[in-house]
Amino acid sequence: MTFDPDDLAPAISRATRALIEQQRGDGHWVFELEADATIPSEYVLLRHYLGEPDDLELERRIGVYLRRIQGEHGGWPLFHGGAFDISATVKAYFCLKMIGDDPHAAHMVRARAAIVARGGLLRANVFTRILLAQFGELSWNDVPTIPVELILLPRWFPIHLSRMSYWARTVMVPLLVLAALKVRARNPRGVRISELLLPSDRLPPKPPTHQKRSWAMFFNGLDRVLKVVEPFWPRTLRQRAIDRCRSFVTERLNGEDGLGAIYPAMANAVMMYDALGDPPDHPERAIARRALDKLLVVRADEAYCQPCVSPVWDTALVAHTLMETGDKNAVAAVRRALDWLAPLQEREVKGDWAGRRPLLRPGGWAFQYRNAHYPDLDDTAVVVMAMDRARRDFAADHAYDDAIDRGIEWTAGMQSANGGWAAFDVDNTDLYLNNIPFADHGALLDPPTADVSARCIGMLAQLGEPADSARMKAAIGYLEREQMADGSWFGRWGVNYIYGTWSALCALNAAGVPPTASVVAKAVDWLVAIQNADGGWGEDCDSYKLDYRGYEPAPSNASQTAWALLGLMAAGHVDHPATARGIAYLQKMQDESGLWAQDAYTGGGFPRVFYLRYHGYPKFFPLWALARYRNLKRTNTRRVAHGM
């Protein structure tokens, strides 16, 4: 199968036009970011926890959404078409009953039967059990003890907040206060779900499969001790710890973008202020509460709550995509986008990351509109590469030079000891912490990952970092060590091995590793081997399971096909038959809008626990792949000059 590059012009032009039309007035893009039933259910239950005035129309629309995404198994999955998840199902059932769904309705009967068949409420995860304890459905003895005094421990202590990830920190600190005060939900409608409480719920929950038996036994024993001694804790010490938690949250409140700019932390902050006696009009509580409503997506007949928003990520990736098209209208759109991004660079606040890098100047970008304490390496690398590419491709002036330099400085300074980069922290690798009872999600830490490291390598290489510099050699060595036996790379923040492999191949290409190198050739062989018969690529979230033994076929989708194609082209295989088949698939799947549709969840939140559907991914990644293919075929170039 062969293509005349000019045959792709209509498809590229239509998609480019459609994407530019979605640019916001101030120059940025932001697309919906959808998770599972958990967040919208929690949002409704939060309103009833606080005893807020009824909003029956909003509840009706959220109910429509939840009923639509209920699975054939009777419960709610963590991703489109996924298996039953008991925690998501318990929350969705509780939410629907709270808003008035008849427990005898068919969808409620199916959900209840599915929950009961899997053991009832205590089989849910820790966060769900905490919510149920707040509503009086479970005892606080049914959840792990997390003493608020934890915040007073010195940094050298083996269990310390600084040893945990940013998301764990921001979620846990207000939760420490809630667990200490044990305030009961107001629940003005008096809705209960006692029908889900089984005799088996008096048995201890099953230990998470990721935890090591010896560590789990130790921490579970410690939990039993804490439950005995907690009532005797000195009151002055407890109050001091509560005050410290409040100060931590207030310092990082982040305006109407919310604590940590993620829903669980934001919701806990509101409940913390409420538990401390602050009225709804108290400035800190009020601003924390307004932040939550900004996450709502409200349509004509349904609504849901996003876990966070992704404007910096979306805008930077669209900028790369439009630069690839070379469209004359893209120049102005990209310049407006970069002008919007530039002032969002954090240059003043030394966030939590400075605990390990106190002398490093700030210089990163966050994922959200604002999150000064928690910029991330992935967004920073992608923004810097876009700014650098703009000044090269568009012969732009030097408006972004200082922002680029500060971004490079911060990124380079955040390299971990093993040569890789994490998303938010440095050397956040105390793996034993994933065995504490609170960490049944197995995602308490933020260690270096192949995908984020690849982006940082690509950025440094694009900006001229020599391949034989000490930090680059360490980084490439890390990436090579992370390659799986089959040639792929694990994708922490995107699903999964296709995402990781695309990221790594782009980085190796930018760093000058030749296509003939075994590390590249093995990855290419893997991508070619897993291509579907329709020419596309697909992989679902089940690839994160602990007993994963190799690629399992999944239906093709637009964004993962684009990643595979960009990876193959970065490895010098623009003329490979698999590449041509993938391009044909994208052409065929382009819809009347000029873009691509996709239900698949291809974003990673926490492996095995929380996944994301980036509504923007099928809008810009396929265009990026088509435009790059056309450009490489025109120039017969085998190597891409930039890091993505």
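Please refer to the structure higher up on the page.
Below: a short report on this structure. (Residues numbered from 1 in each chain as written. Predicted model: local features only at pLDDT ≥ 70, side-chain atom pairs only at ≥ 80, totals over all residues. Heavy atoms only, no water.)

## Digging into the overall build of the protein chain
So, point 1. Within the protein chain one finds 22 helices and five strands.
So, point 2. For 644 residues, the compact-globule estimate of 2.2 N^0.38 gives 26 Å, and the protein chain sits close to it at 25 Å.
So, point 3. Overall, the C-alpha framework of the protein chain stretches about 70 × 55 × 50 Å when taken along its three principal axes.
So, point 4. Within the span of the protein chain, comprising 644 residues, buried residues form 63% of the whole.
So, point 5. The contacts in the protein chain between residues at least 6 apart in sequence include a share of 75% that link residues at least 24 apart.
So, point 6. Accessible surface, the protein chain as shown: approximately 23900 Å² in total, 55% of it carbon and sulfur.
So, point 7. Side-chain charges of the protein chain comprise 72 positive and 75 negative groups, with the mean position of each set lying 4 Å from the other. (Helix = DSSP H or I, 4+ residues; strand = E, 2+ residues; numbered from the N terminus. Rg over C-alpha atoms; globule rule 2.2 N^0.38 Å. Buried < 20%, exposed > 50% of the residue type's maximum accessible area, 1.4 Å probe, protein only. Contact = heavy atoms within 4.5 Å. Areas by Shrake-Rupley, 256 points an atom, 1.4 Å probe, with all protein chains shown as cover. Lys, Arg positive; Asp, Glu negative; His and termini not counted. Charge placed at Lys NZ, Arg CZ, Asp CG, Glu CD.)

## Here's the deal with the packing of helix 18 (residues 497-510) against helix 19 (residues 518-529)
So, point 1. Packing of helix 18 against helix 19 leaves a shortest axis separation of 11 Å and a crossing angle of 145°. For the pair helix 18 and helix 19, the sense of crossing is left-handed. Each of Tyr497, Ile498, Thr501, Leu505 and Leu508 in helix 18 lies in contact with helix 19, whose residues at this interface are Val519, Val520, Ala523, Trp526 and Leu527.
So, point 2. Partitioning the contact of helix 18 with helix 19 into residue classes produces nine nonpolar, one polar and no charged. (Axes fitted to C-alpha atoms, helices over the stretch in contact; angles between N-to-C directions. Left-handed = near helix turned anticlockwise from the far one by under 90°. Nonpolar A, V, L, I, M, F, W, Y, C, P; charged D, E, K, R; others polar.)

## Digging into the pairing of strand 4 (residues 603-606)
So, point 1. Of the pairings in the sheet, the one linking strand 4 to strand 5 (residues 610-614) comprises three bridges and is antiparallel in character. Looking at strand 5, one finds that Gly604 is bridged to Tyr611.
So, point 2. Hairpin connection, strand 4 to strand 5: the antiparallel pair is bridged by three residues, and Arg608 has positive phi, about 75°. (Pairing = 2+ DSSP bridges.)

## A short note on the state of the cysteines
Note on terminology: a disulfide is the covalent bond linking the sulfur atoms of two cysteines.
So, point 1. Evaluated as defined, the whole model comprises zero disulfides.
So, point 2. Considering cysteine sulfurs only, Cys305 is the nearest to Cys95, which forms no disulfide, with 11 Å between them.
So, point 3. Take Cys456: it sits in no disulfide, and the sulfur closest to it among the cysteines is that of Cys506, at 14 Å. (Disulfide = S-S within 2.5 Å.)

## Quick look at the environment of Leu460
So, point 1. Tracing the backbone shows Leu460 in helix 16 (residues 450-462).
So, point 2. Between the C-alpha atom of Leu460 and that of Ile408, which follows or precedes it by 52 residues, the distance is 7.3 Å.

## Thoughts on helix 15 (residues 401-413)
So, point 1. In a regular helix each residue adds 1.5 Å, so 13 residues correspond to 18 Å; helix 15 covers 18 Å between its end C-alpha atoms and thus fits that length.
So, point 2. Buried within helix 15 we find Ala403, Ile404, Arg406, Gly407, Ile408, Trp410, Thr411, Ala412 and Gly413.
So, point 3. Residues of helix 15 that are buried in the fold lie against helix 14 (377-393), helix 16 and helix 17 (470-482). (Expected span 1.5 Å × (residues − 1).)

## Here we look at the sheet that holds strand 1 (residues 33-34)
So, point 1. Ordered in space as 1-5-4, the three strands form an open sheet in which the pairing is antiparallel. At either margin of the open sheet sits one strand with a lone partner, and together these are strand 1 and strand 4.

## Some points on the packing of aromatic side chains
So, point 1. This model, assessed by the stated rule, comprises 32 aromatic pairs.
So, point 2. For the pair Phe31 and Phe620, a centre-to-centre distance of 6.1 Å together with 45° between the ring planes defines the contact as tilted. Of this pair, Phe31 sits in the loop between helix 1 (9-21) and strand 1 while Phe620 sits in helix 22 (residues 617-635); the two residues are 589 residues apart in sequence, bridging distant segments of the chain. Assigned by exposure class, Phe31 and Phe620 land together as buried. (Phe/Tyr/Trp six-rings, centres within 6.5 Å; stacked < 30°, edge-to-face > 60°.)

## Some remarks on the environment of Arg370
So, point 1. Relative to the helices and strands, Arg370 is located in the loop between helix 13 (328-341) and helix 14.
So, point 2. Overall, Arg370 belongs to the partly exposed group, its relative accessible area being 45%.
So, point 3. Between the C-alpha atom of Arg370 and that of Gly326, which follows or precedes it by 44 residues, the distance is 30 Å.
So, point 4. Ignoring sequence-local partners within four residues, the contact set of Arg370 consists of Asn254, Gly255, Asp257 and Ala261.

## Structural notes on the packing of helix 12 (residues 311-325) against helix 14
So, point 1. Where helix 12 meets helix 14, the axes come as close as 9 Å, and the angle between the chain directions of the two elements is 30°. Of the possible angle classes, the one that applies to helix 12 and helix 14 is roughly parallel. Of the two possible hands of crossing, helix 12 and helix 14 adopt the one that is left-handed. In this structure, helix 12 contributes Val312, Trp313, Ala316, Leu317, Ala319, His320, Met323 and Glu324 to the contact, and helix 14 contributes Asp378, Asp379, Val382, Val383, Met385, Ala386, Arg389 and Ala390.
So, point 2. Class assignment for the residues of the contact of helix 12 with helix 14 results in 11 nonpolar, one polar and four charged. (Parallel < 35°, antiparallel > 145°, perpendicular 65-115°, else oblique.)

## Regarding the side chain of Gln70
So, point 1. Structurally, the position occupied by Gln70 is in the loop between helix 3 (56-68) and helix 4 (86-98).
So, point 2. Each residue touching Gln70, except ones within four places of it in the same chain, is listed here: Gly75, Trp76, His107, Arg110 and Ala111.

## Some details on the pattern of salt bridges
So, point 1. Counted according to the given criterion, the structure contains 41 salt bridges.
So, point 2. Between Glu251 and Arg252 there is a salt bridge; the shortest N-O distance is 3.4 Å.
So, point 3. Of the charged contacts, one joins Arg628 and Glu324 as a salt bridge, the two residues approaching to 2.9 Å between their closest N and O atoms. Of this pair, Arg628 sits in helix 22 while Glu324 sits in helix 12, placing them 304 residues apart in sequence. (Salt bridge = Lys/Arg side-chain N within 4 Å of Asp/Glu carboxyl O.)

## Points about the environment of Asp446
So, point 1. In this fold, Asp446 is placed in the loop between helix 15 and helix 16.
So, point 2. C-alpha of Asp446 to C-alpha of Asp425: the two residues are 21 residues apart in sequence and 6.6 Å apart in space.
So, point 3. When residues no more than four places from it in sequence are discounted, the contact partners of Asp446 are Ser165, Trp167, Ala422, Ala423, Phe424, Asp425 and Asn428.
So, point 4. In this structure the side chain of Asp446 is engaged in a polar contact, spanning 2.7 Å, whose partner is the backbone nitrogen of Phe424.
So, point 5. Engagement of the side chain of Asp446 in a polar contact is seen with the backbone nitrogen of Asp425, the distance being 3.2 Å. (Polar contact = N/O pair within 3.5 Å; in protein donor to acceptor, adjacent residues only side chain to side chain.)

## Observations concerning unusual backbone geometry
So, point 1. Positioned with a positive phi, Lys182 is a non-glycine residue whose angle comes to about 50°.
So, point 2. Take Lys182: it is sitting in the loop between helix 7 (166-181) and helix 8 (213-229).
So, point 3. On the accessibility criterion, Lys182 (34% relative accessible area) is partly exposed.
So, point 4. Notably, Asn254 is not glycine yet its phi reads approximately 70°, a positive angle.
So, point 5. Its location among the elements puts Asn254 in the loop between helix 9 (235-251) and helix 10 (263-275).

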